[in-house]
Amino acid sequence: MLMCREYPALDERVWQGKTRSGLRVRIIPKPGFAKTYAFLATDYGSMDLAFVSEGVRKETPMGVAHYLEHKMFDLPDRDVTQLFSRYGGNPNAFTSYDTTAYYVEFTDHLKENLTLLLDMVFIPWFTDESVEKERGIIAQEIRMYDDDGQWIVMFNLLKALYHVNPVRIDIA
């Protein structure tokens, strides 16, 4: 069941609720806007080095959230990017300290783009070949950040400030 929360100062309404599985859903209508965004985020980011599944704590290596962000663009029988393109969708994703998010922007084909986004995230597909390929892509991305002086200074500062907290670990 969706409930509406109004923000009169912004002239906006947010419809929110949960699915039977517990997935939070928010819909923010934007009359007059040309683009639609579908956004799916999880409370699992680079600082999360463990999780609990069925009452059992599981440890994960550094970089898992960022790696999974990349891997979710693979499906067993379809080229996700090509399909989004067919429906006018432009997909992307990001990982932060406490969130991994996937989204698509589009002007048409809401059902197709939303279905594809959900399939992309909820149908994991890993092969030895795709795992190795993604390692190379992420290594390239890390090298790119290693050439960014501001990035290096920021993470050196975080390492100096936080000796134990995982915020000191590079998101990649």
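So, how was this worked out
- Along every chain, residues carry numbers that run from 1 in the direction the sequence is written.
- Reporting in this predicted model follows two pLDDT cut-offs: at least 70 for local features of residues, and 80 or more for side-chain atom pairs to be given and counted; totals over whole chains, interfaces and linings ignore these cut-offs and use all residues.
- Only hydrogens and water are set aside; all other atoms, that is, all heavy atoms of the structure, feed into the side-chain values.
- The working definition used for a salt bridge is a side-chain nitrogen of Lys or Arg within 4 Å of a carboxyl oxygen of Asp or Glu.
- Buried, partly exposed and exposed residues are distinguished by accessible area as a fraction of the type maximum, computed with a 1.4 Å probe on protein chains only: under 20%, between the cut-offs, and over 50%, respectively.
- Helix and strand assignments come from DSSP, with helices taken as H or I runs of at least 4 residues and strands as E runs of at least 2, each series counted from the N terminus.
- What a helix should span is 1.5 Å times the count of its residues minus one.
- Should any heavy atoms of two residues lie within 4.5 Å, those residues are counted as being in contact.
- Two strands make a pair as long as DSSP finds a minimum of two bridges between them.
- The patches reported here contain residues having more than 30% relative accessible area and no salt bridge. Joining distances are 9 Å for like charges and 5 Å for nonpolar side chains (Val, Leu, Ile, Met, Phe, Trp, Tyr).
- All accessibility values rest on the Shrake-Rupley procedure with a 1.4 Å probe; residue burial counts only the protein chains present in the view.
- Buried Ala, Val, Leu, Ile, Met, Phe, Trp, Tyr and Cys residues form a nonpolar core when they are joined through side-chain atoms within 4.5 Å.

*Asks:* Would you explain the pattern of salt bridges in this entry?
*Replies:* A pair can form between side chains of opposite charge whenever their charged atoms are brought close. Following the criterion strictly, the structure yields six salt bridges and no others. In this structure, the salt-bridge partner of arginine 13 is glutamate 6, at a minimum N-O distance of 3.7 Å. Among the residues examined, arginine 13 registers a relative accessible area of 41% and is labelled partly exposed. A salt bridge links lysine 30 to glutamate 12; the shortest N-O distance between them is 2.2 Å. A residue pair is termed long-range when its members are at least 10 positions apart, and lysine 30 in the loop between strand S3 (24-27) and strand S4 (36-42) and glutamate 12 in strand S2 (residues 12-18) qualify at 18 residues.

*Asks:* How should I be thinking about helix H3 (residues 110-122) in this particular structure?
*Replies:* Two residues of an α-helix separated by three or four positions point the same way, owing to the 3.6 residues in each turn. Taking 1.5 Å as the rise per residue, H3 with 13 residues should run 18 Å; its terminal C-alpha atoms sit 18 Å apart, in good agreement. Listed as buried for H3 are Asn113, Leu116, Leu117, Asp119, Met120 and Val121. Close packing links the buried residues of H3 with S4, helix H2 (80-86) and strand S8 (100-106).

*Asks:* Help me understand the pairing of S3, please; the structure alone is not making it clear to me.
*Replies:* The side chains of a regular strand alternate between the sheet's two faces. Here S2 pairs with S3 via four bridges, running antiparallel. Each bridged residue has a counterpart across the sheet, and for tryptophan 15 the counterpart in S3 is isoleucine 27. Between the end of S2 and the start of S3, which pair antiparallel, lie five residues, with glycine 22 showing a positive phi angle near 100 degrees.

*Asks:* Can you walk me through a nonpolar patch on the surface in this structure?
*Replies:* A surface patch of nonpolar side chains, about 260 Å² in accessible area, is lined by Leu2, Trp15 and Ile27. As for its position among the elements, leucine 2 is in the segment before strand S1 (3-7). Leucine 2 sits in the partly exposed class, given a relative accessible area of 40%.

*Asks:* So what exactly am I meant to see when it comes to the nonpolar core here?
*Replies:* Generally speaking, soluble globular proteins have nonpolar side chains that are buried together. Of all hydrophobic cores here, the largest spans 15 residues; its most connected members are Phe84, Tyr102, Val104, Leu117 and Met120. Of all the secondary-structure elements, those providing two or more residues to this core are S4, H2, S8 and H3. The dominant element in this core, judged by the number of residues it contributes, is H3, at four residues. The residues touching methionine 120, leaving out its near neighbours within four places in the chain, are Met72, Phe73, Leu75, Val80, Phe84 and Tyr102.

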